[in-house]
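The chain contents come next:
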Amino acid sequence: MSKYDLHSHSTRSDGLLSPQALVERAAARGVTVLALTDHDDTGGLRDASACAAAMGMRLVNGVEVSVTWGDQTVHVVGLHVDPNHPALAGGLARVRSGRRRRAEDMAAGLAQAGIPGTLEGASAYVTNPAFVGRAHFARYLAKCGYARDIGAVFRRYLTAGRPGYVPHQWASLDEAVDWIVASGGIAVLAHPGRYPLGNVQREELLGRFRDLGGKAIEVVTGSHTAVQHVTWGRYAQRFGLLASVGSDFHGPGESLRDLGSLPPLPDGCRPVWELF
Ligand code: AMP
Ligand code: MN
Ligand code: MN
Ligand code: MN
C-alpha cells in the first residue's frame, strides 16, 4: 500500500530538518511517496532525491509558490516540477528576491512596537541565507517569550494589521500556475481552508485557478479540521479538481501533523496521484 505525503518543508526554506533528515523521518513513518515543497525554492530537491533513492522511497520534486491574489496571500504547490526549467527557476528567483527587504521592514515595524533586534534574532534561525520568512521571526519571538507559542506570536505580531506584518507582492496566480505547468508540473492549491475568504471569493478563486490550468486542491492537510476535509472534498468534486494530501510538516514539535499521519481522502474524491 502506498502512503502519500505531498507537502513538506526542509531547512531550505522554513523547515527544521535537512532534506535528508526529512526523507529519513518520512520513510521511518511509512511514507512511500513524499513531496518536498519548500517555499519558493527547489534547492533541497537534489539531496532529498538522492536520499530517497537510497532508501527505496519515491520523492516527488515539489515547490510551494507564494502568491498574491487580490489582497490575499495564497500558496500554490507544484508537484513533479522540473527545478531546472528556466521559467520556473527564474520566476522563483524573483519571488525570493523580495524577502530580504521584507524582513528588514518587518524588523522596523517590530522595533517601532518596542521590540528591537529582531532581524538579527531571526537570522539565527535562518538556514538558507536566501530565505528569511515569518517562521524565523516567530521562532525568535517565541524563544524571547513575547508570546506563549508560535501560533500566539503569529496572532499578536505577524499577521495583517500587526506590527511585524508587511504587505508583500508575491507572484500572481497566473504566473505561479504558468511556471509550474511550463516545467511539466501539476499545480495544486494549498490548504484552501486557511484563507479568510467568503463563499463568493472562494468559488472565484477555485474557478480562476482551474481555468488557469490548476489541477487539484489540498483536501486533507495539516491545516484543515476533520470537517474541512469533508467541505473541501466536496469543493474539489464540484469544481472537477483532483484532491491532494499533505501534512505541511515543518518540524518535530512545531507542526500539528507529523509526516504521513493524515487520514485518507473522503469518499468520492479523485486523488491527484492519478496523474503521477
Ligand atoms: P512567509 O512566507 O514568510 O509569509 O511565511 C509563511 C509561513 O509562516 C508558513 O508557511 C508557516 O510556516 C508559517 N506560519 C504562517 N502562519 C502561521 C501560524 N498561524 N502558526 C504557525 N506558523 C505559521
Ligand atoms: Mn512555512
Ligand atoms: Mn503554505
Ligand atoms: Mn507549506
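Residues numbered from 1 in each chain as written. Chains lettered and ligands numbered in written order. Predicted model: local features only at pLDDT ≥ 70, side-chain atom pairs only at ≥ 80, totals over all residues. Heavy atoms only, no water.

Draft legend 1. Just the pattern of salt bridges, in detail. For the structure shown, the criterion picks out 14 salt bridges. The salt bridge involving R210 is made with D211; its shortest N-O contact spans 3.7 Å. Connected through shared salt-bridge partners, R12, D41 and R96 make up one network. (Salt bridge = Lys/Arg side-chain N within 4 Å of Asp/Glu carboxyl O.)

Draft legend 2. Molecular detail of the packing of aromatic side chains. One pass over the structure, following the stated rule, counts five aromatic pairs. Between Y4 and F276, the ring centres sit 6.3 Å apart and the planes meet at 65°, which makes this aromatic pair edge-to-face. Taken as a pair, Y4 in strand β1 (residues 4-5) and F276 in the segment after β7 (242-246) lie far apart in primary sequence, 272 residues in all. Of the residues examined, F276 reaches a relative accessible area of 28% and is grouped as partly exposed. An aromatic cluster is present here, built from Y4, W273 and F276 joined pairwise through their rings. (Phe/Tyr/Trp six-rings, centres within 6.5 Å; stacked < 30°, edge-to-face > 60°. Helix = DSSP H or I, 4+ residues; strand = E, 2+ residues; numbered from the N terminus. Buried < 20%, exposed > 50% of the residue type's maximum accessible area, 1.4 Å probe, protein only.)

Draft legend 3. Quick peek at the coordination of the manganese ion (ligand 4). Around the manganese ion (ligand 4), the protein contributes the donor atoms H7 (NE2), H9 (NE2), E64 (OE) and D248 (OD), which lie 2.1 to 2.2 Å from the metal centre. Positions of the donor residues of the manganese ion (ligand 4), expressed as sequence spacing, correspond to H-x1-H-x54-E-x183-D. In this structure, the manganese ion (ligand 4) lies 4.8 Å away from the manganese ion (ligand 2). Relative accessible area serves as the criterion here: at 0%, H9 is assigned to the buried category. (Donors = N, O, S within 2.8 Å, 3.2 Å for Na, K, Ca; no water.)

Draft legend 4. Broad picture of helix α10 (residues 226-238). For α10, built from 13 residues, the straight-helix expectation of 18 Å at 1.5 Å per residue is met to within 8% by its first-to-last C-alpha distance of 19 Å. By the burial criterion, the buried members of α10 are Q228, H229, W232, G233, Y235 and A236. Buried residues of α10 fall within an arc of 160° about the axis and therefore sit on the same side. Of the exposed residues in α10, those oriented more than 90 degrees away from the buried face are V227, R234 and R238. Those residues of α10 that are buried lie in contact with α9 (199-212), β6 (216-221) and β7. Positioned one or two residues after α10, G240 has a phi angle of 65°, which is positive. (Expected span 1.5 Å × (residues − 1). Arc of directions from axis to C-beta. Contact = heavy atoms within 4.5 Å.)

Draft legend 5. Representation of the packing of helix α8 (residues 173-182) against α9. Where α8 contacts α9, the axes come no closer than 10 Å and their chain directions differ by 40°. Note on packing geometry: the crossing formed by α8 with α9 is right-handed. Contact residues: α8 offers L173, D174 and V177, while α9 offers L205, R208, F209 and L212. (Axes fitted to C-alpha atoms, helices over the stretch in contact; angles between N-to-C directions. Left-handed = near helix turned anticlockwise from the far one by under 90°.)

Draft legend 6. Main features of the coordination of the manganese ion (ligand 2). Within the first shell, the manganese ion (ligand 2) binds the protein through D14 (OD), D14 (OD), H39 (NE2) and H250 (NE2), at distances of 2.1 to 2.6 Å. Here the manganese ion (ligand 2) is ringed by six donor atoms whose angles at the metal span 53 to 160°, and the overall shape comes out irregular. Coordination of the manganese ion (ligand 2) draws on donor residues from a single chain, spaced D-x24-H-x210-H in sequence. Taken as an interatomic distance, the gap from the manganese ion (ligand 2) to the manganese ion (ligand 3) is 5.9 Å. Placement of the pair is H39 in the loop between β2 (33-36) and α2 (45-55) and H250 in the segment after β7, with a sequence separation of 211 residues. Residue H250 is classed as buried on the basis of its relative accessible area of 14%. (Tetrahedral: all angles 85-135°; square planar, octahedral: opposite > 155°, others 65-115°.)

Draft legend 7. Quick look at the domain arrangement of the chain. Here the chain is partitioned into domain 1 (4-92 + 169-275) and domain 2 (99-158). Averaged C-alpha coordinates put domain 1 and domain 2 at centres separated by 25 Å. In this assembly, 13 residues from domain 1 lie in contact with nine residues from domain 2. Taken together, both faces of the contact between domain 1 and domain 2 bury some 840 Å²; the carbon and sulfur share is 50%. For domain 1, the biggest contributors to the area lost against domain 2 are D14, W170 and E254; these three give 47% of the whole. (Domains from an automatic or database assignment. Buried area = accessible area lost by both parts, 1.4 Å probe.)

Draft legend 8. Representation of the nonpolar core. Core analysis: the largest hydrophobic core is formed by 50 residues, its most contacted members being V65, V76, L79 and I217. In this structure, V76 is in contact with V63, E64, V65, V67, L173, A176, I180, A187, V188, L189, A190 and F209, ignoring residues within four places of it in sequence. By size, the runner-up hydrophobic cluster in this structure holds 17 residues, among which are M106, I115, A122 and V153. (Core = buried A, V, L, I, M, F, W, Y, C linked by side-chain atoms within 4.5 Å.)

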